[in-house]
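Below are the chains, spelled out letter by letter.
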Amino acid sequence: MPLFIPEDYTAKLAPETMEQAIGYLKEIFPDMLSRTLRLRRVTAPLFVLSGTGINDDLNGVERAVSFPIRDLGDRRAEVVHSLAKWKRMKLGAYKIAPGYGLYTDMNAIRADEELDNIHSLYVDQWDWERTIRPEERNLDFLKATVETIYEAMKAVEEEVYELYPHITPILPERITFLQAEELLQEFPALTPKEREQAAARKYGALFLIGIGAELSNGQRHDGRAPDYDDWSTPTEGGYKGLNGDILVWNPVLESALELSSMGIRVDAEALERQLSICGCPERREMEFHRMLLEGRLPLSIGGGIGQSRLCMFYLRCAHIGEVQVSTWPEKMIAECAAHGIYLK
């Protein structure tokens, strides 16, 4: 996505007030999330050992930032892309009961990211994971969890309004649920990203279900790794998937904005199926995968919520660089500054 410059853009807050607002949001949102989902905070790793299968492979083509560890015989470690699988291992290690879970501040480096208004080399998320029962591995439970998270998002938006009355709430009362296949049928002539744009503009906020499964046109809406979200289990209506993305309409950028990716995690059966679909059955021998296939990991639901993206949405920023420190091309810095957008 190329850099987008909103017409006549003016930041809603002065720089020093912006810093205070970011700090406040990063305090109240995780507190609200942890209370509503019954999560406890844990400390997260910045890197994990290579070859264990613990790191998130994203779409399978992104390079992890890695380095050799001298005291481990130059065995390599890699900076995390996300903590999707690490969190599930911690649920088991801490023996967290169904209905309870954990969350953490995840910091990642994604060296292959294409930099624009919403994509940065630095990724910060509230990563969360919750133990569930076998009977909760269904679409209704997924939707109920999404609604809980969305209510927290709306409540914090109201808090922002109380502090800064010129930033008025825009999230709709309810979030809309759509299957990726339904979206394809509604907008068959559009690309996946164009379909997201059209749906976000129409509904204001939606949860798009079934990311990773092949659709009726023989294509996927978007890629998903085979070993964390369950995107291949048949669900009601004949569609597939127990995962999805929370998307909202961003009026500043005039585009859809993904705030969260989440889902019910694979069980042993779904893992076997998805490794086969993606042509990587050899992963069965990795540490994480062996633990899951041997029944040593709990069933869970989890996801990540973008900290900087949520802040830029609440504070109506035009660029993610207004709310986080990262590295940007000189040309982008200059073009943004020429239009009153100052990157940190």
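Residues numbered from 1 in each chain as written. Predicted model: local features only at pLDDT ≥ 70, side-chain atom pairs only at ≥ 80, totals over all residues. Heavy atoms only, no water.

1. Some words on the sheet that holds strand β9 (residues 243–250)
In spatial order, the strands read β1-β5-β6-β11-β10-β9-β8-β7; together these eight strands make up an open sheet with mixed pairing. Because the sheet does not close on itself, it has two edges, and the strands there are β1 (39–41) and β7 (176–179). Each strand of the sheet is rotated relative to its neighbour by a mean of 30°, with strand direction disregarded. Where β7 meets strand β8 (residues 205–209), four bridges bridge the pair, whose relative direction is parallel. Bridge assignment links Phe177 to a residue of β8, and that residue is Phe207. This element, helix α5 (residues 192–203), spans β7, β8, β9 and β10 (255–264) of the sheet and lies at about 65° to β9. The sheet strands contacting helix α8 (residues 307–314) are β5 (101–109), β6 (122–131), β9, β10 and β11 (300–306), and the helix crosses β11 at an angle near 55°. (Pairing = 2+ DSSP bridges. Helix = DSSP H or I, 4+ residues; strand = E, 2+ residues; numbered from the N terminus. Axes fitted to C-alpha atoms, helices over the stretch in contact; angles between N-to-C directions. Contact = heavy atoms within 4.5 Å.)

2. Points about α5
Its 12 residues place the ends of α5 16 Å apart at the C-alpha level, agreeing with the 16 Å of an ideal helix rising 1.5 Å per residue. Buried residues in α5 make contact with β7, α4 (180–186), β8, β9 and β10. Gly204 occupies a position one or two residues after α5 and carries a positive phi of about 85°. (Expected span 1.5 Å × (residues − 1).)

3. Quick look at the environment of Asp124
Checked against the element boundaries, Asp124 lands in strand β6. If near-sequence neighbours (up to four positions away) are discounted, Asp124 is found in contact with Lys26, Met106, Asn107, Ile305, Gly306, Gln307, Ser308 and Gln324. A distance of 3.3 Å separates polar atoms of two side chains, one belonging to Asp124 and the other to Lys26. Of note is the side chain of Asp124, whose polar atom sits 2.9 Å from the side chain of Ser308. (Polar contact = N/O pair within 3.5 Å; in protein donor to acceptor, adjacent residues only side chain to side chain.)

4. Some words on the nonpolar core
Soluble globular proteins: nonpolar side chains tend toward being buried together. Core analysis: the biggest nonpolar cluster contains 61 residues, and Phe29, Trp128, Met153 and Leu315 have the highest contact counts within it. Here this core takes 10 residues from helix α3 (residues 139–163), the largest share from any one element. In contact with Met153, not counting residues within four places along its chain, are Phe29, Leu171, Ile246, Leu259, Ile305, Leu310 and Tyr314. Core analysis: the second largest hydrophobic core is formed by 22 residues, Ile96, Met106, Val266 and Cys280 among them. (Core = buried A, V, L, I, M, F, W, Y, C linked by side-chain atoms within 4.5 Å. Buried < 20%, exposed > 50% of the residue type's maximum accessible area, 1.4 Å probe, protein only.)

5. Brief notes about unusual backbone geometry
With the exception of glycine, the majority of residues adopt a negative phi angle, and the majority of peptide bonds are in the trans configuration. Look at Asp8: it is not a glycine, yet its phi comes out positive at around 55°. Looking at the element boundaries, Asp8 is found in the segment before α1 (15–37). With a phi angle near 60°, Arg38 is a residue other than glycine that sits in the positive phi range. Examined against the element boundaries, Arg38 turns out to sit in the loop between α1 and β1. Of the residues examined, Arg38 reaches a relative accessible area of 41% and is grouped as partly exposed.

6. Here we look at the packing of α3 against α8
To characterise two packed helices, one gives the angle between the axes of the helices and the distance between these axes. Here α3 crosses α8 at 50°, and the two axes come no closer than 11 Å. Compared by their axis directions, α3 and α8 come out oblique. For α3 against α8, the interelement crossing comes out right-handed. For the pair formed by α3 and α8, the contact residues are Ala152, Met153, Val156, Glu157 and Val160 on the first element and Leu310, Phe313 and Tyr314 on the second. By residue class, the composition of the contact of α3 with α8 is seven nonpolar, no polar and one charged. (Parallel < 35°, antiparallel > 145°, perpendicular 65-115°, else oblique. Left-handed = near helix turned anticlockwise from the far one by under 90°. Nonpolar A, V, L, I, M, F, W, Y, C, P; charged D, E, K, R; others polar.)

7. Some words on the pairing of β10
Along β10, eight of the 10 residues are buried, which leaves the element largely enclosed by surrounding structure. Between the end of β9 and the start of β10, which pair antiparallel, lie four residues, with Glu254 showing a positive phi angle near 55°. Of the pairings in the sheet, the one linking β10 to β11 comprises five bridges and is antiparallel in character. Along β11, the bridge assignment pairs Ser261 with Gly304.

8. Concerning the pattern of salt bridges
Counting across every chain of the model gives 23 salt bridges. Linking Asp31 and Arg35 is a salt bridge whose minimum nitrogen-to-oxygen distance equals 3.2 Å. Here Asp31 pairs with Arg35, and both are found in helix α1, just four residues apart, close to one helical turn. Look at Asp31 and you get partly exposed, because its relative accessible area is 38%. Taking the shortest distance from any N to any O, the salt bridge between Asp230 and Arg137 comes out at 2.7 Å. In this pair, Asp230 sits in the loop between β8 and β9 while Arg137 sits in the loop between β6 and α3, placing the two residues 93 residues apart along the sequence. For the pair Asp230 and Arg137, one class covers both residues: buried. (Salt bridge = Lys/Arg side-chain N within 4 Å of Asp/Glu carboxyl O.)

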